Amino acid sequence: MKTRRLNVAKSLSVVALLASGSAALAGSPDGHVQVKLLATAVMPDGKITSLDINGVGVPANSQSKADSIVVPTIAAEYFFSPHVSIETICCVTRHKIDGRGPINGASLVAGAKIIPATIALKYHMPLMGMKPYIGVGPSYFIFFDETPGATTRTLGATRLNIDSHLGAMVQAGVDIPLHQNGLSLSLDAKRYLLKTHAHWYAGNVEALRTRHAIDPWVVSAGMAYRF
């Protein structure tokens, strides 16, 4: 009998623990934590702002343009108060850069992956049941797996390096509550401001160096859950 009472007590303790855990994660429109799963369109510029080393004879007034891509994005946000929060995002994008103007159609960068490490301070302004916001913060663009394009390889490029660089971000968006359980529709637009250098090497010799304005527009839509 004593053993049975102990088992019942243990079972009740486990149920209480699970219940408390479920309550802690229960959705709430006023919770301190919000996570978002988004579909994100990344639309960089990538234009050349200066030609610093030109050992391959790139024509004057040559330009470039990076391609756009849609990727899944995860965002995590912590609310210090109903109006102030801090947010970070996680995604990896891959872009190529082609020539414009006198080098129209030239393949300059076959592919470069980017992690935009971003922290945003956001201000929320509840309005008519919706939750619009604005935000600003630093962003460190990490470039990796850079590959020279077919045209630059033909000109002798064997290696490409794009400098990781610190930039800035501004954003505006709105969370539209769908239910009192903390579920919302989220719409967001960001503009990043970032300039960086691309270096093409022939062996160990830097044959071409260009400075680019990446400056992407980043537009997202998806679901948010606050708890």
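Residues numbered from 1 in each chain as written. Predicted model: local features only at pLDDT ≥ 70, side-chain atom pairs only at ≥ 80, totals over all residues. Heavy atoms only, no water.

## Quick look at the layout of surface pockets
Looking at the largest pocket, its volume works out to about 300 Å³. Val56, Val58, Ile103, Leu108 and Leu208 are the residues nearest the centre of the largest pocket, which is lined by 23 residues in total. Among the secondary structure elements, those contributing two or more residues to the lining of the largest pocket are strand E2 (47–54), helix H2 (150–154), strand E12 (195–202) and strand E13 (205–213). Of the pockets and cavities examined, the second largest pocket occupies roughly 220 Å³. Contributing to the lining of the second largest pocket are 16 residues, with Pro29, Asp30, Pro82, Lys131 and Arg226 lying nearest its centre. (1 Å grid on protein atoms, 1.4 Å probe; cavity = no way out; pocket = protein on both sides within 12 Å on 5 of 7 lines; lining within 4 Å. Points joined across faces, edges and corners; volume = space filled by probe spheres on them. Helix = DSSP H or I, 4+ residues; strand = E, 2+ residues; numbered from the N terminus.)

## Concerning the sheet that holds E12
What the four strands build is an open sheet, ordered E2-E13-E12-E9; its pairing is antiparallel. The open sheet has two edge strands with one neighbour each: E2 and strand E9 (159–162). Sheet twist, expressed as the average angle between the axes of neighbouring strands with direction ignored, equals 20 degrees. When E2 meets E13, the two strands line up antiparallel, connected through six bridges. Across the sheet, Asn54 pairs through a bridge with Leu208, a residue of E13. (Pairing = 2+ DSSP bridges. Axes fitted to C-alpha atoms, helices over the stretch in contact; angles between N-to-C directions.)

## Re unusual backbone geometry
Positive phi is not limited to glycine here, since Met128 has a value of about 55 degrees. By secondary structure assignment, the location of Met128 is in the loop between strand E7 (107–124) and strand E8 (131–148). For Asp145, which is not glycine, the phi torsion reads 55 degrees and is therefore positive. Structurally, Asp145 is set in strand E8. Given a relative accessible area of 46%, Asp145 falls into the partly exposed group. (Buried < 20%, exposed > 50% of the residue type's maximum accessible area, 1.4 Å probe, protein only.)

## Considering the pattern of salt bridges
Pairing between side chains of opposite charge can happen when their charged atoms approach one another. For the structure on display, the rule yields seven salt bridges. One salt bridge in this structure joins Asp175 and Lys36, with 3.2 Å as the shortest N-O distance. Of this pair, Asp175 sits in strand E10 (residues 165–177) while Lys36 sits in strand E1 (residues 33–43), and the two are 139 residues apart along the sequence. Relative accessible area serves as the criterion here: at 3%, Asp175 is assigned to the buried category. (Salt bridge = Lys/Arg side-chain N within 4 Å of Asp/Glu carboxyl O.)

## Re empty space enclosed by the protein
Under the criterion given, the structure shown has three cavities of 30 Å³ or more. When its volume is computed, the largest cavity comes out at roughly 130 Å³. In terms of lining, the largest cavity is formed by 17 residues, of which the most central are Val42, Cys91, Pro116, Tyr192 and Val218. Looking at the lining of the largest cavity, the elements that each hand over two or more residues are E1, strand E6 (93–100), E7, strand E11 (183–193) and strand E14 (217–226). Put simply, the second largest cavity is a space of about 110 Å³. Sorting the residues of the lining of the second largest cavity by element identifies E6 and E7 as the ones contributing at least two each. Element by element, the count of residues in the lining of the second largest cavity is highest for E7, at three residues. Among the residues forming the lining of the second largest cavity, the class breakdown is ten nonpolar, three polar and no charged. (Nonpolar A, V, L, I, M, F, W, Y, C, P; charged D, E, K, R; others polar.)

## What to know about the confidence of the model for the chain
Per-residue confidence for the chain averages 89 on the pLDDT scale, and 89% of its residues sit at or above 70. Per-element confidence in the chain ranges from a low mean pLDDT of 42 for helix H1 (residues 2–25) to a high of 98 for E1. (pLDDT = per-residue confidence, 0-100.)

## Considering the packing of aromatic side chains
Scanning the model with the defined rule gives four aromatic pairs in all. When the centroid spacing of 5.3 Å and the interplanar angle of 80 degrees are considered together, the rings of Tyr78 and Phe80 count as edge-to-face. Residue Tyr78 is classed as partly exposed on the basis of its relative accessible area of 39%. Given a relative accessible area of 54%, Phe80 falls into the exposed group. Aromatic side chains Phe141 and Phe143 sit 6.4 Å apart centroid to centroid with 40 degrees between the ring planes, which places their arrangement in the tilted category. Each member of the pair Phe141 and Phe143 is classed as buried. Taking the ring centre of Tyr133 as reference, the NZ or CZ of Lys122 above it sits at 3.8 Å. Across the ring face of Tyr201, the terminal group of Arg159 is positioned such that the distance to the ring centre comes to 4.1 Å. (Phe/Tyr/Trp six-rings, centres within 6.5 Å; stacked < 30°, edge-to-face > 60°. Lys NZ or Arg CZ within 6 Å of the ring centre and 35° of its normal.)

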